[in-house]
Amino acid sequence: MKRILTFSLLFFCAIVKGQIPEDAIRYSWYPQNATARILAVGGAMGSLGGDISATFVNPAGLAFYHVSEALFSLGYLENNNKSIYRDSSSTSSNGSLPLGPMGFIFCEKNNKKSASNYAFSLAFNQKAAFGSFTRYSALNNYSSFSEQFAEEYSGSGLSINEALNSNTPYPYTSAPALYTYLIDTTRVNNNLFVMGAPENILNAGQALRQDYSKRTHGGLYELALGFGGTQDSKILYGATLAIPLIAYSSSTIFKETDTSSNAFNKFKSAQFQDDFKTTGSGLDLKAGVIYRPSEFIRVGLAIHTPSILFLKDTRTTYCSTVLESDSGTIESFDVSSTTFTNGIAGESKYRQSTPLKAILSASYVFREVEDVTKQRAFLTADIEYVANGGNRFHSDNEAPTVEEENYYKSLNKVIKDLYRSTINFRFGGEIKYHTVMGRLGFAYYGSPYEDKTFRANKMLLSGGIGYRDKGFFIDLTYVHNISKDANFPYRLSDRANTFATTRDNRNTFAVTFGVKIP
Amino acid sequence: MTLNMIISYLDSGKNSNFILQSPNDHFMKSISLILLMFSFALLSCNSAFKSMQTPDDVYYSVPLQEGIVKVEPETRSHEENYIRMQSRHSTWRNMNNDYTDAYYDPYHYGYNYSYYYNPYYYSFPIFCCNTCLSYSIPINSTPRMTNLGSYYNTSTKVVNSKTGQIQTFTFKNAYNNSNQSSKITRGNLFGNSSSYSGSNEGGGRSYSPSNSNSSSSGSGSSISRPSRY
């Protein structure tokens with residue numbers, strides 16, 4: 001009961017908590033996934049209706065259904081990534097099989113002449129596909145990955161013994177770095193400092209070879225129950241109760257190597273691997289209305305409440321360091337974070353609230369007639385507002401510490417300052433000749449960052465064909481997605497940061513297959 | 001429980017990512033099963049549309065001005081409603097039950113022989129062992145934290161190569177993305193021995209532990225660093 005009350009309060013207050021700022025936009029900045037038919041018209045469908053995708057965009061569109069149907073969508077996604085890091089270019093690629101919308105539409109009655117109409121949908125969809133592989137490599141003469149741990153530990157006030165304790169607040173970062181001597185204390189003029197071993201190379205005016213690779217898997221899924229209805233076929237309304245399901249995993253490996261031939265400069269190489277997995281579920285509500293001021297014209301408005309997600313992160317890091325002594329002796333150290341978390345991977349529970357979303361849409365449908373031989377075409381467009389800065393995180397551990405609560409408060413402040421609201425556009429059209437259809441579409445998703453340096457955006461070009469006859473339909477679509485973003489391998493607060501610019505070229509092939517149920 | 005099962009399945013990554021050289025058998029079986037079900041549905045449904053057009057609900061909508069047919073709600077007699085209610089729930093049946101002897105009552109057959117034939121009766125107490133305790137290793141619940149100050153990094157400290165003094169430069173969007181960068185160059189944050197006086201003026205990653213045990217080779221803790229040569 002207590003959990004339900006908390007859940008309800010969160011639902012309306014939109015309180016959120018998170019882990020690191022980059023986690024915030026994972027569940028809010030992604031292109032819309034839909035059936036192959038809707039993907040082909042840029043994903044625009046806020047006012048179109050008559051497609052199961054309406055369940056996830058504007059449930060009022062379900063009221064256009066007069067005949068029940070069942071359908072299934074599947075895709076193949078090929079991701080080609082190009083990264084530029086410190087003037088060096090790298091490429092990587094991977095493939096995945098994202099799911100599309102699938103489920104059933106139940107019509108209240110198959111009465112095509114009635115002005116009033118009701119329809120329900122039971123649908124499942126993979127809203128976002130997180131499968132990707134990013135890799136880059138370059139020389140760096142300015143900063144080291146180890147400096148983030150030196151920063152963290154120097155400000156902790158903990159002794160080395162305290163930092164290595166099984167209750168350490170830094171089991172994934174500073175503790176492994178200290179254990180393997182990637183960072184250590186050093187004394188200058190009788191004052192103590194914390195220093196990363198690779199800094200010896202940089203302070204000597206030489207460069208480090210840095211290699212970064214990150215593999216991600218999983219997706220944001222949604223199980224939804226939608227309803228759409230109308231009394232007079234002029235104003236259509238609808239609502240969807242959805243359960244978002246999160247399954248995300250990430251494995252990041254960062255390696256630094258001494259590029260000099262000096263065998264006495266105290267550092268040879270280091271590798272840090274960070275594996276974490278996020279799982280959880282939540283709840284959200286979508287409501288919408290479509291207005292038909294005259295025949296052929298449809299205007300839609302949909303509001304998506306913040307998704308309240310109850311998430312759990314499971315994390316393990318590995319650190320290995322190879323050092324050179326003053327005499328040239330090679331020493332190797334390695335450790336897993338489980339050494340500091342009682343032998344098992346650490347688990348952190350938290351709540352996240354995704355931002356509010358609003359979609360304004362309009363469509364023009366040539367020939368809104370029942371006779372399919374007279375149906376000709378449609379044009380549709382969406383304008384979508386997403387308040388990315390509205391992402392919030394909060395601890396969901398049973399007994400969160402004061403430090404943990406303070407961290408989440410600060411995190412929410414950073415998210416508010418770091419991210420901005422975006423206006424996204426989607427539009428497209430279809431031409432129909434009896435049983436065959438052809439489609440084209442375009443979509444643009446703006447940068448979620450306040451800092452204009454990053455120039456991030458997503459641009460999608462799409463096209464497809466469809467066939468509908470003898471009680472079934474099949475749609476095939478190709479989408480080319482160009483996504484630009486910034487990737488920080490690490491962040492420092494006392495030095496200028498360095499980041500990679502990434503350009504993902506995603507080729508998606510989607511197919512939807514369905515049957516009409518008389 | 002069901003949600004957890006779904007999440008566990010999704011989390012396996014078997015349905016969203018795969019290695020191209022080794023397609024996942026479990027995933028392929030699931031897809032095959034779904035496709036088989038759809039094929040069956042297709043065969044059973046499409047026969048109804050052989051002689052008529054396949055409707056397209058994206059296009060078709062009832063005209064606004066004409067052709068609208070008002071559908072009156074279906075009316076039922078009181079007796080019909082009562083029969084419907086009786087057929088759905090035993091409460092309504094029991095209100096007018098002619099079977100006074102439960103032995104002949106078709107709705108209570110076998111329920112009075114020590115519940116022997118009652119399919120809902122179980123003679124042993126059913127309990128859940130919620131209070132059973134088992135020892136478990138405490139799980140570290142530290143969040144995935146980062147230095148949030150680094151997201152506001154608009155200043156950077158460098159050492160003046162001529163004077164050796166540490167200086168802080170503040171400007172917006174302080175990024176160093178090139179090894180040829182002349183705008184921001186790396187400085188040793190300790191400063192040199194002549195310029196650094198041990199005060200806070202130079203900043204840097206100075207370290208003040210909470211107790212004096214800050215040697216490089218920790219001892220007395222449950223976890224100690226390996227020793228070095």
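Residues numbered from 1 in each chain as written. Chains lettered and ligands numbered in written order. Predicted model: local features only at pLDDT ≥ 70, side-chain atom pairs only at ≥ 80, totals over all residues.

**Overview of the overall build of chain A**
Alright, step 1. Scanning chain A from terminus to terminus reveals eight helices and 22 strands.
Alright, step 2. For 518 residues, the compact-globule estimate of 2.2 N^0.38 gives 24 Å, and chain A sits close to it at 26 Å.
Alright, step 3. Here the C-alpha coordinates of chain A stretch approximately 90 × 50 × 35 Å along the principal axes.
Alright, step 4. Counting only residues that meet the buried cut, chain A has 56% of its 518 residues in that class.
Alright, step 5. Considering only residue pairs separated by 6 or more positions, chain A has 72% of its internal contacts joining residues 24 or more positions apart. (Helix = DSSP H or I, 4+ residues; strand = E, 2+ residues; numbered from the N terminus. Rg over C-alpha atoms; globule rule 2.2 N^0.38 Å. Buried ≥ 20, exposed ≤ 12 C-beta atoms within 10 Å, placed from the backbone. Contact = placed C-beta atoms within 7 Å.)

**A look at helix H8 (residues 402-418) of chain A**
Residue and element names in this part refer to chain A.
Alright, step 1. The end-to-end C-alpha distance of H8, which contains 17 residues, comes to 24 Å, matching closely the 24 Å that a straight helix rising 1.5 Å per residue would cover.
Alright, step 2. Considered for burial, the residues of H8 that qualify are Glu404, Tyr407, Tyr408, Leu411, Asn412, Ile415 and Leu418. Seen from one end, H8 has its buried residues packed into an arc of 140°, which puts them on one side. Summarising the geometry of H8, the exposed residues directed more than 90 degrees from the buried face are Val402, Glu403, Asn406 and Lys409. (Expected span 1.5 Å × (residues − 1). Arc of directions from axis to C-beta.)

**Focus: the environment of Arg503(A)**
Residue and element names in this part refer to chain A.
Alright, step 1. Along the polypeptide, arginine 503 turns up in strand E22 (residues 500-517).
Alright, step 2. Residue arginine 503 is classed as partly exposed on the basis of its C-beta count, with 14 C-beta atoms lying within 10 Å.
Alright, step 3. Between the C-alpha atoms of arginine 503 and lysine 458, which are 45 residues apart in sequence, the distance is 9.6 Å.
Alright, step 4. With near-sequence residues (within four places) excluded, arginine 503 lies in contact with Lys82, Ile482 and Lys484.

**Here's the deal with the nonpolar core**
Alright, step 1. The biggest cluster of nonpolar side chains holds 80 residues, and the ones touching the most others in it are Leu39(A), Met45(A), Ala119(A) and Ile246(A).
Alright, step 2. Setting aside residues no more than four positions away along its own chain, Ala119(A) makes contact with Leu62(A), Ala63(A), Tyr65(A), Ile105(A), Phe106(A), Cys107(A), Glu108(A) and Gly228(A). (Core = buried A, V, L, I, M, F, W, Y, C linked by C-beta atoms within 7 Å.)

**Side note on unusual backbone geometry**
The general pattern is negative phi for most residues beyond glycine and trans for most peptide bonds.
Residues and elements named next belong to chain A.
Alright, step 1. A positive phi is found at arginine 86, a non-glycine position, where the angle reads about 50°.
Alright, step 2. Checked against the element boundaries, arginine 86 lands in the loop between strand E1 (68-85) and strand E2 (88-96).
Alright, step 3. A residue is classified by how many C-beta atoms lie within 10 Å of it, and arginine 86, with 22 of them, is buried.
Alright, step 4. Its identity as a non-glycine residue notwithstanding, histidine 434 has a phi of 55°, on the positive side.
Alright, step 5. Tracing the sequence through the fold places histidine 434 in the loop between strand E18 (421-433) and strand E19 (436-445).
Alright, step 6. With 12 C-beta atoms counted inside 10 Å, the residue histidine 434 sits in the exposed group.

**Some words on the confidence of the model for chain A**
Alright, step 1. The predicted model of chain A averages 89 in pLDDT, with 95% of residues at 70 or higher.
Alright, step 2. Note that residues 1-18 of chain A has pLDDT below 50 and, in this model, 39 contacts with residues that lie over four places away or in other chains. (pLDDT = per-residue confidence, 0-100.)

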